[in-house]
Each structure stands twice: as C-alpha cells, then as structure tokens.
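Analysis of the macromolecular model
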Amino acid sequence: IKTMAIIAEGVPEAQTRALVAKAEAKGVGIIGPATVGGIKPGCFRIGNTGGMLDNIVMSRLYRPGSVCYVSKSGGMSNELNNIISRNSNGV
C-alpha cells in the first residue's frame with residue numbers, strides 16, 4: 001500500500017499522530033482523516049471524491065481538463081466540478 005485515505009471523522013489527535021508516524025515509517029502516504037478523498041481526472045480516484053458514477057460522467061471527471069483546485073469540502077468539490085465542466089474543458 002502506497003497511499004491510504006482515512007474517511008472517518010473524529011479521530012483523536014493522539015491517534016492521528018500515531019497513524020501518521022507508523023505510515024511514515026512504512027513509506028505510506030495518508031490522506032485524511034476526515035477526507036472525502038482525492039481525484040486526478042482520467043487517472044485515479046481514492047475515497048468518495050466525485051460522487052457516484054453518474055456525477056463523474058456529468059462532470060466529465062473521466063478525462064483530464066485544464067482547471068485545478070483544492071477543496072476541504074466534498075459538497076463544494078461536487079459544485080466546482082459541475083461549474084467547471086460547464087464552463088471549461090474540465091478539471
């Protein structure tokens with residue numbers, strides 16, 4: 001395992017630090033905790049980013065575009081995907 005997404009919310013800080021230390025010792029990257037994941041359109045998806053398949057198709061996340069953004073909100077990400085796909089060549 002090279003990268004792990006921790007979707008769970010409310011993970012105590014001490015437990016998070018222990019997870020991060022163990023992951024670093026094993027060369028594993030961590031996304032989260034409390035994340036919806038990440039996506040590189042046309043390449044990979046980890047976690048729940050992008051939503052269901054119909055949303056991925058509608059937002060054209062099955063192929064790369066020219067716009068990049070970073071968001072801490074799953075809902076905002078879905079809205080940005082929708083707006084960007086309607087006004088550019090995609091994310």
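Overview of the structure.

Time to look at the overall build of the protein chain. Each helix and strand in the protein chain was counted, giving three helices and four strands. Listed by position from the N terminus, the elements making up the protein chain come as β-α-β-β-β-α-α. Considered along the principal axes of its C-alpha atoms, the protein chain spans approximately 45 × 25 × 20 Å. Restricting to contacts in the protein chain with at least 6 residues of sequence separation, those with at least 24 account for 50%.

Relative to strand β4 (residues 44–47), strand β3 (residues 37–40) runs antiparallel, the two sharing four bridges. Within the sheet, the bridge partner assigned to Gly38 lies in β4 and is Ile46. Once β3 ends, the chain turns through three residues before running back antiparallel as β4, passing Gly42 with a positive phi of about 80 degrees.

Let us look at helix α1 (residues 13–26). In this model, α1 (14 residues) spans 20 Å end to end at C-alpha, consistent with the 20 Å of a helix rising 1.5 Å per residue. Directly beyond the C-terminal end of α1, a positive phi value near 75 degrees is found at Gly27.

Let's shift gears to helix α3 (residues 74–87). If you check α3, its first and last C-alpha atoms are 20 Å apart, about what 14 residues at 1.5 Å a residue would give, namely 20 Å. Listing the buried residues of α3 in full gives Ser77, Asn81, Asn82, Ile84 and Ser85. The secondary structure elements touched by the buried residues of α3 are α2 (53–58). Two or three places before Gly75, at the start of α3, stands the capping residue Ser73, its side-chain oxygen 3.4 Å from that residue's backbone nitrogen.

Bringing the side chain of Asn81 into the picture now. Mapped onto the fold, Asn81 is located in helix α3. For Asn81, the side chain forms a polar contact with the side chain of Tyr69, separated by 2.5 Å.

This part covers unusual backbone geometry. The linkage connecting Gly32 with the following residue, Pro33, adopts the cis geometry, with an omega of 5 degrees. Inspection of the secondary structure assignment puts Pro33 in the loop between β2 (29–31) and β3. Positive phi outside glycine occurs at Ala34, with the angle close to 65 degrees. Along the chain, the position of Ala34 falls in the loop between β2 and β3.

In this section: the environment of Pro64. Tracing the chain through its elements places Pro64 in the loop between α2 and α3. Take Pro64: its relative accessible area is 56%, and that puts it in the exposed class. Spatially, the C-alpha atom of Pro64 lies 26 Å from that of Ala34, the residues being 30 residues apart in sequence. Discounting residues that sit within four places of it in the chain, Pro64 has contacts with Pro41, Gly42, Asn89 and Val91.

The rules we used
Residues numbered from 1 in each chain as written. Predicted model: local features only at pLDDT ≥ 70, side-chain atom pairs only at ≥ 80, totals over all residues. Heavy atoms only, no water. Helix = DSSP H or I, 4+ residues; strand = E, 2+ residues; numbered from the N terminus. Contact = heavy atoms within 4.5 Å. Pairing = 2+ DSSP bridges. Expected span 1.5 Å × (residues − 1). Buried < 20%, exposed > 50% of the residue type's maximum accessible area, 1.4 Å probe, protein only. Polar contact = N/O pair within 3.5 Å; in protein donor to acceptor, adjacent residues only side chain to side chain.

Worth remembering: the numbers are spatial, not functional.
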